[in-house]
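Commentary on secondary and tertiary structure
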Amino acid sequence: MITYFLVLNDHNLPYPDTIHPIVVHFVIAMVVFAFICDIIGYFSHNIRLYEVSWWNMFFATIAIFIAIVFGQYEAGLAQPYAAVKPVLNLHTLIGWSLSGVIATLTGWRYVIRLRSPHKLPIAYLGMGLILVILVSFQVYLGDELVWIYGLHTVPIVEATKEGILQ
């Protein structure tokens, strides 16, 4: 069993495929859906949507740290070549920053939920919009890492192993 985790496959991973994108898509969906629920709830005065938003942010806070752990692990196994390093470093920096932003917004949301569960400050909605923009930029960088630079794709892994990419 332990040898299964030590042997890397043709994607340079000890398991069949990358886990980071799977987990991170939950975070993306939960953050965007929470913001949409907040906006609709704010204008429709449907406070049940605030509860939906709260739980989405709560689970997004947990899931982003899981996504970061797998992202860091898989980035290290990718053996990034010179051209990809600036994008990967920016993606990593923004990912860690997003974990703090999401956790902070979730904490703020918790305080709002305790003090005035029927109202949502416009400042919180503004920060939610900024969060959605940051998440969208992070998605762009992640897509670039896979679709432009080919991290964990078989041809790139083979080229790196053969020394073609450095």
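Please refer to the structure higher up on the page.
To keep things clear, this report deals only with the structure shown in the data block. (Residues numbered from 1 in each chain as written. Predicted model: local features only at pLDDT ≥ 70, side-chain atom pairs only at ≥ 80, totals over all residues. Heavy atoms only, no water.)

1. Notes on the side chain of threonine 106
For clarity, the threshold we go by: Put simply, DSSP marks the helices as runs of H or I at least four residues long and the strands as runs of E at least two long, and each gets a number from the N terminus on. Three exposure classes are used, based on accessible area relative to the maximum for each residue type with a 1.4 Å probe and protein chains only: buried under 20%, partly exposed in between, and exposed over 50%. N or O atoms closer than or at 3.5 Å make up a polar contact, with two conditions inside protein: a donor-capable atom paired with an acceptor-capable one, and, for residues adjacent in sequence, both atoms drawn from side chains. Should any heavy atoms of two residues lie within 4.5 Å, those residues are considered in contact.
With respect to the helices, strands and loops of the structure, threonine 106 is situated in helix H4 (residues 85–115). The class of threonine 106 is buried, set by a relative accessible area of 7%. At 2.7 Å, the side chain of threonine 106 and the side chain of threonine 61 are in polar contact. Among all residues touching threonine 106, those that are not within four sequence positions of it are Trp54, Met57, Phe58 and Thr61.

2. A word on the nonpolar core
One recurring pattern in soluble globular proteins is that nonpolar side chains are buried together. Definition in use: Residues grouped as a nonpolar core are buried Ala, Val, Leu, Ile, Met, Phe, Trp, Tyr and Cys residues, joined through side-chain atoms within 4.5 Å.
The biggest cluster of nonpolar side chains holds 33 residues, and the ones touching the most others in it are Val31, Met57, Ile102 and Leu131. Where this core is concerned, the elements lending two or more residues are helix H2 (20–44), helix H3 (48–77), H4 and helix H5 (122–148). Contact partners of isoleucine 102, with chain neighbours within four places excluded, come to Val27, Val31, Met57, Ala60, Thr61, Ile64 and Leu131.

3. Topic: the pattern of salt bridges
Under the convention used in this document: Definition used for salt bridges: Asp or Glu carboxyl oxygen within 4 Å of a side-chain nitrogen of Lys or Arg.
A complete count under the given rule lists 2 salt bridges for this structure. Between aspartate 38 and arginine 109 there is a salt bridge; the shortest N-O distance is 2.8 Å. Of this pair, aspartate 38 sits in helix H2 while arginine 109 sits in helix H4, and the two are 71 residues apart along the sequence. The residues aspartate 38 and arginine 109 share a single accessibility class, namely buried. Residue arginine 113 pairs with glutamate 51 through a salt bridge whose shortest N-O separation is 2.5 Å. One end of the pair, arginine 113, is in helix H4; the other, glutamate 51, is in helix H3, and 62 residues separate them in sequence. Using a relative accessible area of 25% as the deciding quantity, one classes arginine 113 as partly exposed. Assessed through its relative accessible area of 35%, glutamate 51 is described here as partly exposed.

4. What to know about H2
For clarity, the cut-off: One less than the number of residues in a helix, times 1.5 Å, gives the span that helix is expected to have.
Over its 25 residues, H2 runs 36 Å from end to end, which matches the ideal 36 Å to within 8%, given 1.5 Å per residue. Of all the positions in H2, only His20, Val23, Val27, Met30, Val31, Ala34, Phe35, Cys37, Asp38 and Gly41 are classed as buried. Histidine 45, located one to two residues past H2, shows a positive phi value of around 60°.

5. Here's the deal with the packing of aromatic side chains
Threshold: Pairs were defined over the aromatic rings of Phe, Tyr and Trp, the Trp ring being its six-membered one, requiring ring centres within 6.5 Å. Orientation was assigned from the angle between planes: stacked under 30 degrees, edge-to-face over 60, tilted for the rest.
Following the criterion strictly, the structure yields 12 aromatic pairs and no others. Between tryptophan 54 and tyrosine 110 the ring centres are 5.6 Å apart and the planes differ by 40°, which places this aromatic pair in the tilted class. Linking tryptophan 54 in helix H3 with tyrosine 110 in helix H4, this pair joins segments that are 56 residues apart in sequence. Residue tryptophan 54 is classed as buried on the basis of its relative accessible area, which comes to 6%. Pairwise contacts between aromatic rings join Trp54, Trp55, Phe58, Phe59 and Tyr110 into one cluster.

6. Considering the side chain of glutamate 144
Heads up, the condition is: Lys and Arg are tallied as positive, Asp and Glu as negative. Neither His nor the chain termini are counted.
With respect to the helices, strands and loops of the structure, glutamate 144 is situated in helix H5. No salt bridge is formed by the buried glutamate 144, whose closest oppositely charged neighbour, lysine 85, lies at an N-O distance of 17 Å.

7. What to know about the packing of H2 against H5
We apply this condition: Orientation is described by axes fitted as lines to C-alpha atoms, over the contacting stretch for helices, and by angles from 0 to 180 degrees between their N-to-C directions. Oblique is the label for any angle not covered by the other classes, which are roughly parallel (under 35 degrees), roughly antiparallel (over 145) and roughly perpendicular (65 to 115). Handedness of a crossing is defined here by the sense of rotation of the near helix relative to the far one, left-handed for an anticlockwise turn of less than a right angle and right-handed for a clockwise turn. Following the grouping adopted for this structure description, the nonpolar residues are Ala, Val, Leu, Ile, Met, Phe, Trp, Tyr, Cys and Pro, the charged ones are Asp, Glu, Lys and Arg, and the polar ones are all others, Gly among them.
One can describe the packing of H2 onto H5 by two numbers: an axis separation of 10 Å at closest approach and a directional angle of 150°. Taken as axis vectors, H2 and H5 run roughly antiparallel relative to one another. Two packed elements cross with a definite hand, and for H2 against H5 that hand is left-handed. Facing H2, whose interface residues are Ile28, Val31, Val32, Phe35, Asp38, Ile39 and Tyr42, H5 presents Ile122, Tyr124, Leu125, Gly128, Leu129, Leu131, Val132, Val135 and Val139. Looking at the contact of H2 with H5 residue by residue, the classes come out as 14 nonpolar, 1 polar and 1 charged.

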